[in-house]
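Now for the letters of each chain:
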Amino acid sequence: MFAVAAFAASLASALALYAGSPHCRWPALQGWRGTGGWVGLALAGLSLWLWVLTLGGGAGLCAMLGTWMLAMMALPYLAALTSAGASSSRGEE
């Protein structure tokens with residue numbers, strides 16, 4: 001159960017950090033620009049703590065960083081894929 005919560009916290013952390021970034025392409029997340037960074041870092045700490053409780057120190061750190069970075073790399077691609085159809089239907093290139 002801790003592993004599922006740790007995985008969800010790392011995904012939520014990456015999403016909050018992406019929402020706080022000026023490069024966020026999802027209009028629904030634009031309201032998180034000011035607080036997304038702090039919320040994302042707090043969720044990263046929570047995720048690390050949960051992974052360490054589940055797997056131990058070294059493996060927990062590796063699992064947290066692995067899931068966190070995978071989500072951080074996947075979010076911009078997902079945003080580009082979902083917003084590409086919306087921008088092409090408006091005539092933008």
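Residues numbered from 1 in each chain as written. Predicted model: local features only at pLDDT ≥ 70, side-chain atom pairs only at ≥ 80, totals over all residues. Heavy atoms only, no water.

Our focus in this paragraph is the packing of aromatic side chains. All chains considered together, the criterion is met by one aromatic pair. Seen from their ring centres, Tyr 18 and Trp 26 are 5.9 Å apart, and the 85 degrees between their planes marks the pair as edge-to-face. (Phe/Tyr/Trp six-rings, centres within 6.5 Å; stacked < 30°, edge-to-face > 60°.)

What follows is about the packing of helix 1 (residues 2-20) against helix 2 (residues 36-55). Between helix 1 and helix 2, the shortest axis-to-axis distance is 8 Å and the interhelical angle comes to 160 degrees. Relative to helix 2, the element helix 1 lies roughly antiparallel. The two elements helix 1 and helix 2 meet at a crossing, and its hand is left-handed. The residues of helix 2 that touch helix 1, namely those facing Phe 2, Ala 3, Ala 5, Ala 6, Phe 7, Ala 9, Ser 10, Ala 12, Ser 13, Ala 16, Leu 17 and Gly 20, are Gly 36, Gly 37, Val 39, Gly 40, Leu 41, Leu 43, Ala 44, Leu 46, Ser 47, Leu 50, Trp 51 and Thr 54. A per-class count over the contact of helix 1 with helix 2 returns 16 nonpolar, eight polar and no charged. (Axes fitted to C-alpha atoms, helices over the stretch in contact; angles between N-to-C directions. Helix = DSSP H or I, 4+ residues; strand = E, 2+ residues; numbered from the N terminus. Parallel < 35°, antiparallel > 145°, perpendicular 65-115°, else oblique. Left-handed = near helix turned anticlockwise from the far one by under 90°. Contact = heavy atoms within 4.5 Å. Nonpolar A, V, L, I, M, F, W, Y, C, P; charged D, E, K, R; others polar.)

Turning next to the environment of Ala 63. Inspection of the secondary structure puts Ala 63 in helix 3 (residues 57-89). When the C-alpha positions of Ala 63 and Ser 47 are compared, they lie 9.7 Å apart, and in sequence the two are 16 residues distant. Ala 63 has contacts with Trp 51 and Leu 55, leaving out every residue within four places of it along the chain.

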